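Commentary on secondary and tertiary structure
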Amino acid sequence: MRRVLLLLLICLPIPACIAPGPDEAARYATWKTTSHAAGLSAYERVLSEGRVADVVPMQALLRSSRRWRACDAQEFLLPPPDRAAAIIPTLRVVQRLQASGWLEGQGIRSGYRSAALNACSGGSSRSRHLHNTALDFDLASDAHVADLCRFWREQGPALAMGLGFYTPTKIHIDTSGHRTWGKDYRRGTSLCITRTQTP
């Protein structure tokens, strides 16, 4: 019994002594200082010229996928230069949704994805993440689902807005066509269709 207690006293403090890994901000700071500085500056310039540079934090915009670790991929990913401007219309939609208080740019979980990362993440072969027109968000709650759906119905056609719901708090926004879908990628399971529509 004494031996067991002694082992417990020795083993319990060990996890507290292990230094935690760097947090996301530190990982992003390291990523920026490697071989990505020139590409990042060019991307920032494109967004600035499109007047959307300050819509969401760059660290959030460059998040590649919720599954980056499982896919052994980079946590942050720049789109190819020829696709850099493609995100501008989507960021303009996000700007309007943020102004209404329905989502936060810091909640972005996936932006541009390479083909390999998209496949590993379970994305469609036609995913708009491949073209840098899509952003996935984690919402703090589902309190604004009805507001998002109303915006999609009323403003979405003119904005070519796509709105997908993987769960009530995990959503997708793009500007590649007015459509909506749910967890199985079908229109009929979208919360904009299954929940009571409000005027």
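Attention in this report is confined to the structure presented alongside it. (Residues numbered from 1 in each chain as written. Predicted model: local features only at pLDDT ≥ 70, side-chain atom pairs only at ≥ 80, totals over all residues. Heavy atoms only, no water.)

Attention shifts here to unusual backbone geometry. Backbone geometry at Asn132 places phi at a positive 65 degrees, although glycine is not the residue there. Locating Asn132 in the fold gives a position in the loop between α7 (115-120) and β2 (134-138). Look at Tyr185: it is not a glycine, yet its phi comes out positive at around 70 degrees. Its location among the elements puts Tyr185 in the loop between β5 (179-181) and α9 (191-194). (Helix = DSSP H or I, 4+ residues; strand = E, 2+ residues; numbered from the N terminus.)

With that out of the way, let us pick up the pattern of salt bridges. For the structure shown, the criterion picks out 9 salt bridges. Where Glu75 meets Arg27, a salt bridge forms, and the shortest distance between an N and an O atom there is 2.6 Å. With Glu75 in the loop between α5 (58-61) and α6 (88-99) and Arg27 in helix α3 (residues 24-32), this pair connects stretches of sequence that are 48 residues apart. On the basis of relative accessible area, Glu75 is assigned to the buried category, the value being 9%. Overall, the relative accessible area of 23% leaves Arg27 in the partly exposed class. Across the salt bridge formed by Asp138 and Arg109, the nearest N and O atoms sit 3.4 Å from each other. Taken together, the positions of Asp138 in strand β2 and Arg109 in strand β1 (residues 108-110) put the pair 29 residues apart, joining distant regions of the chain. A relative accessible area of 23% means that Asp138 is categorised as partly exposed. (Salt bridge = Lys/Arg side-chain N within 4 Å of Asp/Glu carboxyl O. Buried < 20%, exposed > 50% of the residue type's maximum accessible area, 1.4 Å probe, protein only.)

Turning to the state of the cysteines, a few remarks are in order. Per the stated rule, a full pass over the model turns up 2 disulfides. With a sulfur-sulfur separation of 2.1 Å, Cys71 is cross-linked through a disulfide to Cys120. Between Cys71 and Cys120 the disulfide shows an S-S torsion of about -95 degrees. By sign, it is left-handed. Here Cys120 lies in helix α7 and Cys71 lies in the loop between α5 and α6, a separation of 49 residues in the sequence. With a relative accessible area of 31%, Cys120 lands in the partly exposed category. Between the sulfur of Cys149 and that of Cys192 lies a disulfide, 2.1 Å long from S to S. An S-S torsion of about -90 degrees defines the bridge between Cys149 and Cys192 as left-handed. Pair noted here: Cys149 is in helix α8 (residues 145-159) and Cys192 is in helix α9, with a separation of 43 residues, a long-range link. As far as the burial class goes, Cys149 and Cys192 line up, both buried. (Disulfide = S-S within 2.5 Å.)

Considering all chains together, one arrives at 5 aromatic pairs under this definition. Note on Trp102 and Phe151: the rings are 6.3 Å apart at their centroids and 75 degrees apart in plane angle, and the pair reads as edge-to-face. A residue pair is termed long-range when its members are at least 10 positions apart, and Trp102 in the loop between α6 and β1 and Phe151 in helix α8 qualify at 49 residues. Residue Trp102 is classed as buried on the basis of its relative accessible area of 16%. (Phe/Tyr/Trp six-rings, centres within 6.5 Å; stacked < 30°, edge-to-face > 60°.)

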